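Structure assessment
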Amino acid sequence: MIEVYGLKKSYGEVKALDGINLKIERGKIFGLLGPNGAGKTTTFSIIATLLRPDEGDVLYNGGSIFSNVKNWREKIGFVPQEFSIYEDLTGYENVYLMGRLYNLPPQDIRKKVEELFEKLGLSEKMKEKVSRYSGGMKRRLNLMMSLVHDPEILLLDEPTAGIDVQTKQRIYDFLRELMDKGKTVLYTTHMLKEAEELFDVVGIIDSGKIVALGGVEDLINKYADELHVEVELYREKVEDGYELEKFGVYEKESGILKVYLKSQSEITDLLKKLTEMNFEVRHINLRKPSLETVFLKLTGRELRD
Ligand SMILES: Nc1ncnc2c1ncn2[C@@H]1O[C@H](COP(=O)(O)OP(=O)(O)O)[C@@H](O)[C@H]1O
Ligand SMILES: [Mg+2]
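Residues numbered from 1 in each chain as written. Chains lettered and ligands numbered in written order. Predicted model: local features only at pLDDT ≥ 70, side-chain atom pairs only at ≥ 80, totals over all residues. Heavy atoms only, no water.

A few words now on the site of ligand 1. Around ligand 1, the neighbouring residues are Y11, V14, A16, P35, N36, G37, A38, G39, K40, T41 and T42. Here an oxygen atom of ligand 1 and a backbone polar atom of G39 are 2.9 Å apart. Take K40: an N or O atom from its main chain is 2.9 Å from an oxygen atom of ligand 1. At 3 residues, helix 1 (residues 40-47) tops the list of elements feeding residues into the shell around ligand 1. Looking at the shell around ligand 1 residue by residue, the classes come out as 5 nonpolar, 5 polar and 1 charged. (Near = heavy atom within 4 Å. Polar contact = N/O pair within 3.5 Å; in protein donor to acceptor, adjacent residues only side chain to side chain. Helix = DSSP H or I, 4+ residues; strand = E, 2+ residues; numbered from the N terminus. Nonpolar A, V, L, I, M, F, W, Y, C, P; charged D, E, K, R; others polar.)

Set out below in structure tokens:
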């Protein structure tokens, strides 16, 4: 069990973390979901002991990870958001090098590297220079480098940023396989769909604070009990100064008004009011409650893919 208590971290005036509390159980995939700048990387950098918090602590099975950093680092595999790869080396050499840094016997490393390249579908590129890899290949290599010492706990900071759907699925399958073997996975993303598909437990982070924590279904049931309606208005008819915000969230660029209603009958009232105010409706959409609904409800902001 990993427990994060009251983490605070400031960069000058910027409060990157403002009291983060989390509990992560063994064998689960925990996801930290939030927009850019929310504090995901800062949280993970602290858990990876690359950064010290101003306040708070991270406990593993009851003891602070900072009291024995070396021991903790051997247990974890950290995949940074930015690639940490030597472009002039081959993929094989990059992962091999990591194995040497962990002092593993060369023959064990060789076996492990081949197994990882096979699992992530990169065997053919193993002996090629990384400078010739595509973005998706580099992402997979970045992941392999954190796995060579067979860590119990994996910390992945946006491991699927900027890659195609097939590669994403391959990474998901691979992670599920690791969890079947009892590994614990901590994962950050700003992508709602990804969170819905992957996480056992999700923590929604916004401006350095956890605004919701729980299972995906539980959060949806708890926060998204209302009807989510999107009304697209003809933008040219919407004059500045109208207080569309009193209905819900209005997005100027798209002309879409997002409203939460208690019951279906309120849709008629809403449309009537809009008509009275001379707005013309272009399209109306009833949305199934999702993590997006939860996020919008809690923060009033949209999380974009
Ligand atoms: N090294 C740094 N120096 C100054 N500000 C930083 C630094 N790292 C992060 N920040 C700020 O801290 C906040 C949280 O950043 P970060 O943890 O990277 O968010 P996320 O990973 O969720 O996008 C942001 O406002 C960011 O600009
Ligand atoms: Mg980040």
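If you look at the biggest cluster of nonpolar residues, it comprises 48 residues, and the most contacted ones within it are V95, F117, Y187, I204 and L291. Residue contributions to this core peak at 6 residues, all from helix 6 (residues 165-180). Among the nonpolar cores identified, the runner-up in size contains 24 residues, and L7, L32, F66 and I76 belong to it. (Core = buried A, V, L, I, M, F, W, Y, C linked by side-chain atoms within 4.5 Å. Buried < 20%, exposed > 50% of the residue type's maximum accessible area, 1.4 Å probe, protein only.)

Further remarks concern the coordination of the magnesium ion (ligand 2). Protein coordination at the magnesium ion (ligand 2) comes from T41 (OG1) and Q81 (OE1), with a distance range of 2.0 to 2.2 Å. With T41 in helix 1 and Q81 in the loop between strand 6 (76-79) and helix 3 (91-101), the pair connects residues that are 40 residues apart, well separated along the chain. Overall, T41 belongs to the partly exposed group, its relative accessible area being 32%. (Donors = N, O, S within 2.8 Å, 3.2 Å for Na, K, Ca; no water.)

Let us now look at the sheet that holds strand 14 (residues 281-287). Hydrogen bonds along the backbone pair up the strands of a sheet, which may run parallel or antiparallel. Within the open sheet, the 4 strands sit side by side as 12-13-11-14. Their pairing is antiparallel. Both edges of this open sheet fall to strand 12 (249-251) and strand 14, since each of them pairs with a single strand only. Each strand of the sheet is rotated relative to its neighbour by a mean of 20°, with strand direction disregarded. Contacts from helix 9 (residues 265-276) reach strand 11 (227-233), strand 13 (256-261) and strand 14 within the one sheet, and its direction differs from that of strand 11 by about 25°. (Pairing = 2+ DSSP bridges. Axes fitted to C-alpha atoms, helices over the stretch in contact; angles between N-to-C directions. Contact = heavy atoms within 4.5 Å.)

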